[in-house]
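# Survey of secondary and tertiary structure
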Amino acid sequence: MAYADLYERVRQKTPVPITERDLERVLVGLLQAESLWDLVGLCDVPLAALPPLLEELQRDGLLERRGDRLTLTPSGKELIEEQGWVPPVEARCPRCRGRGIALDEAPYDELLRQFTEIARERPAPRRDFDQGYVTPETTVARVALMRRRGDLDGKRLLVLGDDDLMGLAAALVGTARAITVLEVDPELVAFIRGTAERLGLELDVREHDLRDPLPAELLGAFDAFTTDPVESYDGCRLFLGRGLSGLAGVGGAGYFGLTRHEASLAKWHKLQSWILEQGAAITDCLDRFNEYVNWPYWGEMRASRWLSLEAAPQAIWYRSTLFRLELVAPKAYPNEPFTGSFEDPELATT
Ligand SMILES: [Fe+2]
């Protein structure tokens, strides 16, 4: 079968562990996508696997590319029909965009308005710190979800890396017992600290590199943590490991994001197994909860070179799944300096 041969050729050309299902996702994605940016936003396939995939599709005459425009050829459409594949039927709730959180009524309409105003002044994202922040709606929806799960009101929250300004949004609610923010970027630290002072918000903001162990007084001192890890396997374990070290014990909760753009399902599997081994259960896995504002350095990211992307994206394309974990059987978590790697062939936006 021509299709099996095609998949085999793509697999040989990429270090990313793709499956036959990824080929299906790209092909049906191409039925709906008009441009490369559409496709990466639609198809849930690691970005790093797309260049060889698209190359082989073009080589077999299934796909035509002009600049960033993509068009399936008649034989491309024929192959999809032969396989019996159909595009996923979208039925996202238009009110909450599938998050399950209503932001258009009290108290979150007002929080969103206030937070958007504050976030307008924030420093631009920096490539050297792997920054790329989420929309104000995403930050506020995360805070609302934490409240719905009982992880914010009267609780102690640890924010590990805060280019999403979670600390400020949570502090604006004003119901947490304590909030500590650890952030490596001095400019961002100054912004968060200055804003908190100006608004009279209770927020402990510290300049800290997560590759260094957590300060002793933060160990076991929190009820919940939130973080958006670097998506190498080691990077995820570093960020989540620091969060776990910060939790006080059973019932402690952790929030984090994971993409399909920079993490294959093989990586998801490995990471989820690791999380379970840490004594935590995964209670929430919310597809496309996190939406990221397009960052100015898109042209410098690896994926732009790999895919020879020519123009800036016109709409939000980078999204991630929001996970919540809860500790059931805590262990002693090591608080050692980081010796792993932030590098990984699946990373595409660095
Ligand atoms: Fe909804």
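Residues numbered from 1 in each chain as written. Predicted model: local features only at pLDDT ≥ 70, side-chain atom pairs only at ≥ 80, totals over all residues. Heavy atoms only, no water.

## Digging into the domain arrangement of the protein chain
Note the threshold: Bear in mind that the domain bounds are from an automatic or database domain assignment. Here a residue-residue contact requires only that any non-hydrogen atoms of the pair lie within 4.5 Å. By definition, the buried area sums, over both parts, the 1.4 Å-probe accessible area that each loses when the two are put together. Salt bridge criterion: a side-chain nitrogen from Lys or Arg within 4 Å of a carboxyl oxygen from Asp or Glu.
Looking at the assigned domains, one finds that the protein chain contains domain 1 (2-83) and domain 2 (108-327). Between the C-alpha centres of domain 1 and domain 2 the distance comes to 32 Å. Of the residues lining the interface, 19 residues belong to domain 1; the matching set on domain 2 comes to 19 residues. At the boundary of domain 1 with domain 2, total buried surface from both sides reaches about 1700 Å², with 62% on carbon and sulfur atoms. Sorting the residues of domain 1 by area buried against domain 2 places Trp37, Asp44 and Leu47 first, and these three jointly supply 42% of that buried surface. Across the contact surface, domain 1 and domain 2 share 2 salt bridges. A salt bridge links aspartate 44 to arginine 288; the shortest N-O distance between them is 3.1 Å.

## Some details on the pairing of strand β6 (residues 224-227)
Formally: With a 1.4 Å probe rolled over the protein chains alone, any residue whose accessible area is under 20% of its type maximum counts as buried; one over 50% counts as exposed, and the rest are partly exposed. Only runs of H or I of at least four residues qualify as helices and only runs of E of at least two qualify as strands under DSSP, and these elements are numbered from the N terminus. The pairing criterion for strands is at least two bridges between them, as found by DSSP.
By the alternation rule, side chains of β6 split into Ala224 and Thr226 and Phe225 and Thr227, which are all buried. Bridge count between strand β3 (residues 156-160) and β6: 4 bridges; the pairing is parallel. Along β6, the bridge assignment pairs leucine 160 with threonine 227. Alignment of β6 against strand β7 (residues 253-258), held across 4 bridges, turns out to be parallel.

## Section: unusual backbone geometry
Proline 107 follows alanine 106 through a cis peptide bond whose omega is 0 degrees. Of note, proline 107 is situated in the loop between α5 (74-83) and α6 (108-119). A positive phi angle, near 60 degrees, is found at arginine 288, a position not held by glycine. For arginine 288, the location among the structural elements is in strand β8 (residues 280-291).

## Things to note about the sheet that holds β7
Heads up, the rule is: For helices, the fitted line uses only the C-alpha atoms of the stretch in contact; every axis is such a line through C-alpha atoms, and the angle between N-to-C directions lies from 0 to 180 degrees.
The 7 strands are arranged β5-β4-β3-β6-β7-β9-β8 in an open sheet whose pairing can be described as mixed. Each edge of the sheet is formed by a strand with only one pairing partner; in this case those strands are β5 (204-207) and β8. The average undirected angle you get between the axes of adjacent strands in this sheet is 15 degrees. Examined bridge by bridge, strand β4 (residues 178-183) and β5 share 4 bridges and lie parallel to one another. By the bridge assignment for β5, valine 181 is matched with valine 205. Running at roughly 160 degrees to β6, helix α10 (residues 233-246) makes contact with β3, β6, β7 and β9 (319-327) of the sheet. Contacts between helix α11 (residues 265-277) and the sheet are confined to β7, β8 and β9, with β8 contributing the most and set at about 140 degrees to the helix.

## Describing the coordination of the iron ion
The following threshold applies: Donors, by definition, are the N, O and S atoms found within 2.8 Å of a metal, the threshold being 3.2 Å for Na, K and Ca, and water is not counted, so a site can look incomplete.
Bound to the iron ion on the protein side are Cys93 (SG) and Cys96 (SG), at distances that span 2.3 Å. Judged by relative accessible area, cysteine 93 falls into the partly exposed class, the value being 36%.

## What about the pattern of salt bridges?
Under the defined criterion, the tally for this structure stands at 39 salt bridges. For aspartate 22, the salt bridge is made with arginine 25, and the minimal N-O distance between the two is 3.2 Å. Within this pair, aspartate 22 and its partner arginine 25 are both found in helix α2 (residues 20-32), separated by 3 residues, close to a single helical turn. Across the pair, arginine 25 and aspartate 22 agree in class, each one buried. For glutamate 56, the salt bridge identified is with arginine 59, shortest N-O distance 3.0 Å. In this pair, glutamate 56 and arginine 59 both sit in helix α4 (residues 50-59), 3 residues apart, roughly one turn of the helix. Given a relative accessible area of 58%, arginine 59 falls into the exposed group. One network of salt bridges, with partners in common, ties together Asp5, Arg9, Lys13, Glu55, Glu56, Arg59 and Asp60.

## Things to note about the packing of α6 against helix α8 (residues 166-173)
Selection rule: Throughout this description, any angle smaller than 35 degrees is read as roughly parallel, any larger than 145 degrees as roughly antiparallel, any in the 65 to 115 degree range as roughly perpendicular, and the remainder as oblique. Helix crossings fall into two classes, left-handed where the near helix is turned counterclockwise from the far one by less than a right angle and right-handed where it is turned clockwise. Residues are grouped as follows: nonpolar covers Ala, Val, Leu, Ile, Met, Phe, Trp, Tyr, Cys and Pro; charged covers Asp, Glu, Lys and Arg; every other residue, Gly included, is treated as polar.
Across the interface, α6 lies against α8 with an axial gap of 10 Å and an inter-helix angle of 140 degrees. In terms of axis orientation, α6 runs oblique to α8. Viewed along their axes, α6 and α8 form a crossing whose handedness is right-handed. Residues Leu111, Gln114, Phe115 and Ile118 of α6 pack against Leu168, Ala169, Leu172 and Val173 of α8. For the contact of α6 with α8, the class distribution of residues is 7 nonpolar, 1 polar and no charged.

## Examining the packing of helix α1 (residues 2-13) against α4
In contact at an axis separation of 9 Å, α1 and α4 are set at 140 degrees when each is read in the N-to-C sense. Taken as axis vectors, α1 and α4 run oblique relative to one another. Seen from above, α1 lies across α4 with right-handed handedness. Seen from α1, the contacting residues are Leu6, Arg9, Val10 and Lys13; seen from α4, they are Pro52, Leu53, Glu55, Glu56, Leu57 and Arg59. Grouping the constituent residues of the contact of α1 with α4 by class yields 5 nonpolar, no polar and 5 charged.

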